[in-house]
Amino acid sequence: MAKVAIPLLLIFGAILVIRVLTLGTPDPRYPDQSVMNGLAFIWNPNLSRLKDFSVWLAAAGQIFFTLSIGTGTIQAYASYLRKEDDCVLTGLSTSATNEFVEVILGGSIAIPISVAFFGIATTQMIARQGSFDLGFVAMPIIFQKLPLGFLFGAMWFLLLFFAGITSSVALMSPFMAFLQDKLGITRKKGAKIIGAFLFAFGLPIIFFLNYGYMDQYDFWIGTVLLALLALCETFVFVYAFSGFKVTAASFRKKILAIMKNGMKTGWGEMNRNADIKIPRAYYYVLKFVVPLYLIVLFFGWLWQDLSSEKSIILMKGVDPNHAVFQWIARLTMIGAILGMGFLVRTVWSKKR
Amino acid sequence: MTLGGNIFLTLGWGFVTILVIYCYRNLLKKSKH
């Protein structure tokens, strides 16, 4: 499936980018509404926003999502690598391809075309209404205004479909691996269980879309938990990976030994068979900067949000009718996390 | 677009493009061995 879908996604993406970049100013009566201004909207730096922790958190969430780090997908895929495979080159190629599709192709389609047809203010308003509206509501309206719009519209939705379906398979691969490897369930049966699970959790997202149900999932799972899980993964990789092997006289000595040598196993595994050696500076970046950065980021955001008038955590300013559905979304997320935690705990205690 | 925007766009697109070419050249080389 991916062998056909990914090349098609790239081709459709390239065609759409060429179409968008050659649009110029579609309506001469509104010279401000141009593709160039759309690109400017994305790329002009606004340094004042750097003081806002939520911007940093959104950026961290974005990168951990797109590189599949905070979701466990990359770990599930990495487990299929052979010992002689080159981790560095594979990892770098994956992230480079992803950034190419996202930054160059993705960044040159939706927002520039929306600014060209609706202007910056309306585009911002559409984007603020939720993650769904720009891609699924605004884009079809724009395509209707273009010659051969039905063709470009079909390409756009096929592109989204391919991106969505391949991402869904990738996102579910850790769950599938868990069902197969740890619970001994066959792949066919596992697929049915996951399908039922997705169906049950997916339907309310569609039914209660207008109540901000999906935005809750998008924010908590797609941003906050991604950064938190990435922090846990960093600790596991940097400190616990070789920590299990460390023997020391006391707990304190063990912790000190892990702090000192913890990273060596991971670093050695990463660089084995690698043509491109990772610069030594990244050893220290991974060991100290990343954990510290994520901790500061998380607590900084928590403090800034809780003291804000528009607190997302406390749902300030949310319509009470919407808040009920958003609380249900939160509770289902907590339920799913607890359920999975329980499954992992059961498997772990059986192993012991 | 401001000067900053132009710089970011050029660096962003340029860096990603060079990285993709570099990676796939290496992958191609590796697959030939």
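Our structure is the block above this text.
Worth saying up front: this structure is predicted, and the values here are computed from it rather than measured.

**Student:** Mind showing me how you'd approach the overall build of chain B here?
**Tutor:** When helices and strands are counted, chain B shows 1 helix and 0 strands. For chain B, the spread of C-alpha atoms along the principal axes amounts to about 45 × 10 × 5 Å. Counting only residues that meet the buried cut, chain B has 6% of its 33 residues in that class.

**Student:** Explanation requested: the overall build of chain A in the structure shown.
**Tutor:** What chain A contains, in helices and strands, is 14 helices and 0 strands. Taking 2.2 N^0.38 as the reference for a compact globule, 352 residues should give roughly 20 Å; the C-alpha atoms of chain A span a radius of gyration of 23 Å, in line with that estimate. Projecting the C-alpha coordinates of chain A onto the three principal axes gives extents of approximately 80 × 50 × 50 Å. Sorting the 352 residues of chain A into buried and exposed places 22% on the buried side. Across chain A, every contact between residues at least 6 apart in sequence was considered, and the portion connecting residues at least 24 apart equals 70%.

**Student:** How do you make sense of the nonpolar core when you look at a structure like this?
**Tutor:** All names here are of chain A. Residues L16, I113, M139, I142 and W156 are the most contacted members of the largest nonpolar core, which totals 22 residues. Of all the secondary structure elements, the ones that give two or more residues to this core are α1 (2-21), α2 (35-43), α6 (110-118), α8 (133-144) and α9 (149-183). Top contributing element to this core by residue count: α6, with 6 residues.

**Student:** Would you explain helix α12 (residues 251-271) of chain A in this entry?
**Tutor:** Helical geometry: 3.6 residues make up each α-helical turn, so side chains three or four residues apart lie on a common side. Between the first and last C-alpha of α12 of chain A there are 30 Å, a value that for 21 residues agrees with the 30 Å anticipated at 1.5 Å per step. Here the buried face of α12 of chain A lies against α11 (213-240) and α13 (281-306) of chain A.

**Student:** In this structure, what is going on with the packing of α6 of chain A against α8 of chain A? I would like to understand it.
**Tutor:** Think of two packed helices as two axes; the pair is described by the angle between the axes and how far apart they sit. Residue and element names in this part refer to chain A. For the pair α6 and α8, the least separation of the axes is 10 Å and the interaxial angle reads 50 degrees. One finds that α6 runs oblique with respect to α8. Viewed along their axes, α6 and α8 form a crossing whose handedness is left-handed. On α8, the residues that touch A110, I113, S114 and F117 of α6 are L134, G135, A138, M139 and I142.

**Student:** So what exactly am I meant to see when it comes to unusual backbone geometry here?
**Tutor:** Trans peptide bonds make up most of the peptide bonds, and negative phi angles are found at most residues other than glycine. All names here are of chain A. For S68, which is not glycine, the phi dihedral falls at a positive 60 degrees. Position of S68 relative to the elements: it lies in the loop between α3 (53-66) and α4 (73-78). Despite not being glycine, M315 shows a phi value in the positive range, around 55 degrees. Here M315 shows up in the loop between α13 and α14 (320-351). With 17 C-beta atoms packed within 10 Å, M315 lands in the partly exposed category.

**Student:** Could you clarify how one ought to interpret the packing of α11 of chain A against α12 of chain A in this entry?
**Tutor:** Residues and elements named next belong to chain A. Between α11 and α12, the least distance of the axes is 6 Å, while the angle of their chain directions is 100 degrees. Here α11 is positioned roughly perpendicular relative to α12, judged by the angle of their axes. Mapping the contact onto sequence places F237, V238 and Y239 in α11 and I258, G262, M263 and G266 in α12.

Definitions and limits used
- Residues numbered from 1 in each chain as written.
- Chains lettered and ligands numbered in written order.
- Predicted model: local features only at pLDDT ≥ 70, side-chain atom pairs only at ≥ 80, totals over all residues.
- Helix = DSSP H or I, 4+ residues; strand = E, 2+ residues; numbered from the N terminus.
- Buried ≥ 20, exposed ≤ 12 C-beta atoms within 10 Å, placed from the backbone.
- Rg over C-alpha atoms; globule rule 2.2 N^0.38 Å.
- Contact = placed C-beta atoms within 7 Å.
- Core = buried A, V, L, I, M, F, W, Y, C linked by C-beta atoms within 7 Å.
- Expected span 1.5 Å × (residues − 1).
- Axes fitted to C-alpha atoms, helices over the stretch in contact; angles between N-to-C directions.
- Parallel < 35°, antiparallel > 145°, perpendicular 65-115°, else oblique.
- Left-handed = near helix turned anticlockwise from the far one by under 90°.

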